Structures are given as structure tokens and as C-alpha cells.
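# Reading the structure
Residue strings, one per chain:
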Amino acid sequence: MVFEDIYELYWQKIFRLCMGYVNDTELAQDLAQETFIIVWQQLPKFRNESNIGTWIFRIASNNCLRQIEKEKKFAKTDLPINLEEKKQESIEPQIQLLYQFISELPETDRIIISLELEEVKQAEIAQITGLSESNIRVKIHRIKEKLTQKFKENGY
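For the structure given in this document, a descriptive report is provided here. Computed from a predicted structure; not experimentally measured.

Further remarks concern the packing of helix α3 (residues 52-73) against helix α5 (residues 107-117). In a packed pair of helices, the relevant descriptors are the angle between the two axes and the axis-to-axis distance. Closest axis-to-axis distance for the α3/α5 pair is 11 Å, and the angle between their directions is 145°. Remark: the crossing between α3 and α5 carries right-handed chirality. On the side of α3, the interface is formed by Phe57, Ser61, Leu65, Ile68, Glu69 and Lys72, while α5 contributes Glu107, Arg110, Ile111 and Leu115.

This is the structure in C-alpha cells:
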């Protein structure tokens, strides 16, 4: 598959996956771009042992997890207090809220629900996360219940 086709096919999916991890539009765009730089660099080495989408999602997940680890090491108290938070206004409020709720989930749950929302097959999600398919099904059900409860608590 040609890189340009891969980019066209997966850009939005990878961006949304990254949004699920970081809940920050600019950072999600940066992470998605970094993911595609890695894909472009590693594409000649891709051996078709798994679906190319599975491979790309794994790269994106690892990228996002590295970012989360960096954030944990950075003391949040060092940030200036007077900064005004900027949000992308074009995203519907419910979608913004969904990204916020997803970003509050444990790391494994974030990747699972983000991939589920991208309509990745549960067998592939199992492959990406290293969990069993039955475990994925149970986790998806529980995550959806948690997210539904959070929406109810916020008046939706």
C-alpha cells in the first residue's frame, strides 16, 4: 500500500484515537503526525504479518502512552496559573465531553474504547492490546456503562 493512501485512510481514525488519550486537539494532531512519520519511516520494513491498520493503531497507541508517561514526569505545578484554556470550538459539546470522559479512563480502557469507536474489529483490538477477545468484549461493555453513567451525571 502506498503511504499517501494509508495517510488518507487512517489520518482521521488516528487523530480521534489520540484525542481519546490526551483530550487536547493540538497535542492529538502532533501525536497523529508523529505516528505517520514513524509509519512512513517503517513502511518498507512492514512484513504484512498483521493487518496494516492494526500495525498503525499499535504505533499510535505506543506514541500516546509515551506522551502520557512524559506528562506524568512533568510537574503540573510548574505551569503558569494565569493561562486561559483554549478549546477547539468546532467540535460539538457532547463530543468534547466524550473525549474528556475517555481521557479520564485508565490507559488500557482508553485504547480499547477509542479503537471500538473507530469500528476496529474486537479481534484486532485484542491483538493490539494483548488481551483476549472475551476480555475485550467484557471491557467494552463496562467502559460503555461508565461513559453512559458519566453522561447521565452531567445531565445528558
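This is not the end of the story, as more comes after the structure.
Moving on: the pattern of salt bridges. For the structure shown, the criterion picks out 7 salt bridges. Across the pair Lys139 and Asp109 runs a salt bridge whose closest N-O atoms are separated by 3.7 Å. Here Lys139 is found in helix α7 (residues 133-153), whereas its partner Asp109 is found in helix α5, with 30 residues between them in sequence. Given a relative accessible area of 7%, Asp109 falls into the buried group. Linking Lys146 and Asp109 is a salt bridge whose minimum nitrogen-to-oxygen distance equals 3.3 Å. Highlighted residues: Lys146 in helix α7 and Asp109 in helix α5, separated in sequence by 37 residues. Judged by its relative accessible area of 39%, Lys146 is partly exposed. What emerges from the salt-bridge pattern is a single network uniting Asp109, Lys139 and Lys146.

What follows deals with the environment of Leu27. Here Leu27 shows up in helix α2 (residues 25-42). Taking C-alpha positions, Leu27 is 9.8 Å from Cys64, a pair spaced 37 residues apart along the chain. When near neighbours in sequence (up to four residues on either side) are disregarded, Leu27 contacts Val22, Gln67 and Glu71.

An ideal rise of 1.5 Å per residue puts 26 Å on 18 residues; α2 measures up with 26 Å between its terminal C-alpha atoms. Along α2, the positions that sit buried rather than exposed are Thr25, Leu27, Ala28, Leu31, Ala32, Thr35, Phe36 and Val39. On its buried face, α2 sits against α1 (3-22) and α3. Sitting at the amino-terminal end of α2 is Asp24, which places a side-chain oxygen 3.1 Å from the backbone nitrogen of Glu26.

For an α-helix the count is 3.6 residues per turn, leaving residues at separations of three or four pointing the same way. Maximal helix bending in α1 amounts to about 50°, located at Tyr10. Among the residues making up α1, those that are buried are Phe3, Ile6, Tyr10, Trp11, Ile14, Phe15, Leu17, Cys18, Met19, Gly20, Tyr21 and Val22. Structurally, α1 contributes buried residues whose contacts are with α2, α3, α4 (93-103) and α5.

Thresholds applied
- Residues numbered from 1 in each chain as written.
- Predicted model: local features only at pLDDT ≥ 70, side-chain atom pairs only at ≥ 80, totals over all residues.
- Heavy atoms only, no water.
- Axes fitted to C-alpha atoms, helices over the stretch in contact; angles between N-to-C directions.
- Helix = DSSP H or I, 4+ residues; strand = E, 2+ residues; numbered from the N terminus.
- Left-handed = near helix turned anticlockwise from the far one by under 90°.
- Contact = heavy atoms within 4.5 Å.
- Salt bridge = Lys/Arg side-chain N within 4 Å of Asp/Glu carboxyl O.
- Buried < 20%, exposed > 50% of the residue type's maximum accessible area, 1.4 Å probe, protein only.
- Expected span 1.5 Å × (residues − 1).
- Polar contact = N/O pair within 3.5 Å; in protein donor to acceptor, adjacent residues only side chain to side chain.
- Bend = angle between axes of the 7 residues up to and from the residue.

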